[in-house]
Each structure stands twice: as structure tokens, then as C-alpha cells.
Amino acid sequence: MPTDKYVDNTLKELRKSFAATSADLWMMISCFHDEMRHGLSGESSSLKMLPAYIDCPGRQEKGTYLGIDMGGTNLRVLLVRLQGDGKTVIEDSKQYKIPRKVAMGEGKDLFDFVAKAICEFVGEYPITHQNKIPLGFTFSFPVKQTALNRGTLVEWTKGFAAGDVVGRDVVEFLNGSLQRCSLKNLRLAALTNDTVGTMLAKAYGSSDCDMGVIFGTGTNACYREQEKRIARLMHSDAGKRMIVNIEWGNFKHFPANKYDRKVDKGSNNPGVQQLEKMISGLYLCEITRHVVRDLIGKGIFLNDHVAKFRKGKLSTEDMAAFERDRSPELKKVGIFLTEQGIESSLEERKIIKQICRIVSRRAARISGAAISAVIIWMDPELRQDHTVAVDGTLYAKYPQFRQNIIKTLQQLHGAKSNRIKLSDARDGSGVGAAVAAAVAVEAN
Ligand code: GLC
């Protein structure tokens, strides 16, 4: 048995390597601004700063639109009615799980899968076969757009790797698949990132919404920028604004520890998406798994059961359940370990729970700093109110994640943090696809 002192010291070391002190976060914010500046001026930067070719909607858009939301693991098709005055109603929606083999297969098959889902969905609405119904497509990956309905995939993230799509226009891909499904009455009016969709959905009803954030399988944000600051726009209008998709998951100036480096090495996209790999749902469990294995190796706990912690055994959902577990004997942790064939003591279960907290707390603190960086980029003195539309399972379901972000904002900005309002935007990216389609139709 390791001595209590040895265990305490090892956990202390661990906490240190996951510290995100205020000084670290201010340093991060300063680097973030440099990277935003470089990205906007078209210089090399870890922040892609992709113009979205759309600004916030008014509140008057009306009509029925189809929204397609292709996120990390699921595809959602929605029929959304915009009632005007900022009100939306989801008339119907259906969710489809994207099979891993499709996400990793050929691009054509992936988009055929999307088109088939749309086909099945609209099949239930004969009316949509007669009327040309505009379609908004939320595609949650980095896309370099040249118009609201045109854009090429820069790279896959979040474990996707469908062949032959990078560098090609995703709208053409989807249109091709829709044609093959004989869905000639559908017209792809708008393509947006999920952060943009989330922000549009919120901004439709709330005029001070100027940022959209996702904390889910992946993480990213968008915000409202002055067109004149976006160097890559061919035509910018001095008084106008446009939403910019930051792709902050790729930010690389928060110091990585040895566990982060292991996660990166073991991922299917090493060298990129460093921030995403510290924050988002796809990776928190991997960080935790590497910590557990390391501490087992150090003789802290769980005998020599390293081999039982293979990749994929622990999910971020498990971590959330452990952190939520308030039973004196930490039942949830115990059941998980038993399922792996490990008998554990209460002390050992407590250590697992502590590791989850250390990992998730750092993620939330970095997330808070990233939000803060974008808000003070727009408003350095925090003179105005900012509504930040936030969606994603990590944010919605992981215990204390949201609260830890708020605490971080308070620590960074004191009383002025009241100016930053995090506003839940459930279903935002799907509804936002429909709002984007409405904006596109109005503009024509
Ligand atoms: C990944 C994608 C990004 C998306 C985010 C959240 O970071 O690159 O486009 O917004 O995940 O889904």
C-alpha cells in the first residue's frame, strides 16, 4: 500500500500539471487576441477565422424551412417554422446516428447517408414535394466559405475521416446526393457551422446575442465582426458586420501537459485541435484514462490493472456520472470498475472521482477564458451586455461545467462579468440552419 503522504503528493503534482491559474488564463487571452488578429488579416494562425457570409437576422423572417444538422455523432433533420417576432417552432424532427463506418468511409457515401435521411423525413410531408422548400445545412466542421451556400472543407475534426471531401465543396457534395435521391424540390440555401447556427437561432429572438459557442463532442465559437477587419473578404462594407467562425478548437497556445501530448499522439489528427483536445467531450475521457494509467503505474492505486484501461473503455458520460455520484460508497464508480473486472476500495474510487474533477475543471476554466477573450476582443472595457448562445452536451449535461465557466468569468472580470450572459441554446444549431435559410431567401 502506498503511504498517504505519497498519494497526497502525487495528487498535488497532478493538480499542478492541470492548473489553469488566472495568470495562465490572461496569458492565453493575450495570445488568443494575437492569433485572432493574424487569422483575420489572412496571416498564418492557429485560429482559422472563417467568414460565414451571414450576419445576425432581424426578428421579422417568417416561413417554413428544413434544417439539417450534421454534428459529431448524430444527424438531425428538422422542419422549422419561423413565426416572426423572434419566435420559432420545431414542427417535427428526426435524429439519425451516423455509423462510424460511414464517418470513416467515402465522402459520397457520407453525403448519400445525409440525403437518404432527408428523403425519408420529407417523404412524410407530401407538401414539401410540391413546394420548393429552402434548406439550411449546419455542417459542424471547418469550412472555408466563399458565399453563404458555397464552401470547401478545410479538414475533418472530431474523429471524422471520410475520404475525398477535404478541399472540396460540401454543398456540391450534398446537392449531388440530393439529386441521386430525386429530391429536386429541395434547394440548399445556406451552409453554416454549428456555432453560427446556434448564434443565429438565439439572435433571431435576442438582439444582443453576438457570440455562439459549442461545448460538445468538439468545441468552437463564432462572433460578430466588423467586415472591414476581415481582410480575406473581396468586398467589405465599412458599416456592415459578419459572423466569423473562429475554429478555436485549433488554438495552440495553452501549455499542454504530458497527458495532453499522449491524447494528441493517439488521436487520428495529431498536431491539430490542441484546445479541443483539452476541453471537449470526445477527449476528456482520454485525458482521464491516461492519468489513471499513469497513477496506476506510480503505484498509487488499483494494483497493476493498467491493461484494463484500454482506449474506449471510459467515456466522458461515465466521468459525468462519477462526478454526479454523491452516494457515500461512490456506487457509480464502483460499478464501472467492477465491469472492468477491478475490485476497488472507497479510497480508490475517491481518487478516480478527483481525477475527473481535475480534468473537467481545467476544461471549464480554459473554456471561460476563451469566451472572455472573444468578448473583450469585441468590447475591451465590457461596456455593453453580451448574450452568448451556448449549446452542446458537455455544457448541458456535465456537472458543474457551466458553473465553473461562470466562476472563471467572475474571477477574470469581477462585477463586470454580469455583462456576459451565457444563454442555453438547445437545438440551436438545427434551428439556426433554418434561420440561415430564411436569411438567404430574404436576401434574394
Ligand atoms: C470541431 C469543428 C468545428 C465545430 C466544433 C463543435 O471543432 O472543427 O467546426 O464547430 O467541432 O462541433
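Attention here is on the structure that accompanies the text.

What counts, and at which threshold
- Numbers given for residues are sequential positions, taken from 1 along each chain in its written order.
- The model is predicted, so local features are restricted to residues of pLDDT at least 70 and side-chain atom pairs to those at 80 or more, both for listing and for counting; the totals for chains, interfaces and linings are taken over all residues.
- As a rule here, side-chain values come from all non-hydrogen atoms in the structure, and water together with hydrogens is ignored.
- Salt bridges are defined by distance alone: a side-chain nitrogen of Lys or Arg within 4 Å of a carboxyl oxygen of Asp or Glu.
- A run of DSSP states H or I qualifies as a helix once it reaches four residues; a run of E qualifies as a strand once it reaches two. Both are numbered from the N-terminal end.
- With a 1.4 Å probe rolled over the protein chains alone, any residue whose accessible area is under 20% of its type maximum counts as buried; one over 50% counts as exposed, and the rest are partly exposed.
- Here a strand pair is declared whenever DSSP counts at least two bridges between the two strands.
- To get an axis, a line is fitted to the C-alpha atoms, and for a helix only the part in contact is used. The angle between two axes follows their N-to-C directions and goes from 0 to 180 degrees.
- By definition in these notes, contact holds between two residues if any of their heavy atoms fall within 4.5 Å.
- Between the first and last residue of a helix there are one fewer steps than residues, each counted as 1.5 Å, and that sum is the expected span.
- Think of a nonpolar core as a cluster: buried Ala, Val, Leu, Ile, Met, Phe, Trp, Tyr and Cys residues, connected wherever their side-chain atoms sit within 4.5 Å.

So, the pattern of salt bridges
Using the criterion set out here, one finds 21 salt bridges in the structure. Measuring nitrogen to oxygen at the nearest pair gives 3.9 Å for the salt bridge that ties Lys-16 to Glu-13. Of the two residues, Lys-16 and Glu-13 both sit in helix α1 (residues 4-17), 3 residues apart, roughly one turn of that helix. In this structure Lys-16 comes out as exposed when scored by relative accessible area, which is 61%. Residues participating in the shared-partner salt-bridge network are Arg-59, Asp-85 and Lys-87.

Let's talk about the sheet that holds strand β4 (residues 87-97)
Read across the sheet, 5 strands follow the order β4-β3-β2-β5-β8 without closing on themselves; strand pairing throughout is mixed. Single-partner strands in this sheet number two, and they are β4 and β8 (186-192). Within this sheet the neighbouring strands show an average axis-to-axis angle of 25°, counted without direction. Note that strand β5 (residues 133-139) and β8 share 6 bridges and pair parallel. When the sheet's bridge partners are listed, Ile-133 is paired in β8 with Leu-186. Against the sheet, helix α16 (residues 428-443) engages β2 (62-70), β3 (74-84), β4, β5 and β8, with an angle of about 130° to β2.

Side note on helix α4 (residues 107-123)
The terminal C-alpha atoms of α4 lie 24 Å apart, and with 17 residues this matches the ideal 24 Å at 1.5 Å per residue to within 8%. Those residues of α4 that sit buried are Gly-107, Leu-110, Phe-111, Asp-112, Val-114, Ala-115, Ala-117, Ile-118, Phe-121 and Val-122.

Examining unusual backbone geometry
In this structure, Asp-85 takes a positive phi of about 55° despite not being glycine. Even without being glycine, Leu-302 reaches a positive phi, approximately 55°. Mapped onto the elements, Leu-302 comes out in the loop between α10 (281-297) and α11 (316-324). Classification of Leu-302 as buried rests on a relative accessible area of 1%.

Some thoughts on the nonpolar core
Core analysis: the biggest nonpolar cluster contains 81 residues, and Phe-32, Phe-215, Trp-248, Phe-301 and Ile-371 have the highest contact counts within it. The element best represented in this core is helix α13 (residues 346-378), accounting for 17 residues. Apart from residues lying up to four places away in sequence, Phe-301 is in contact with Val-292, Leu-295, Ile-296, Glu-348, Ile-351, Ile-352 and Ile-355. Counting 39 residues, the second-largest nonpolar core is a separate cluster that includes Ala-103, Ala-117, Val-122 and Trp-156.

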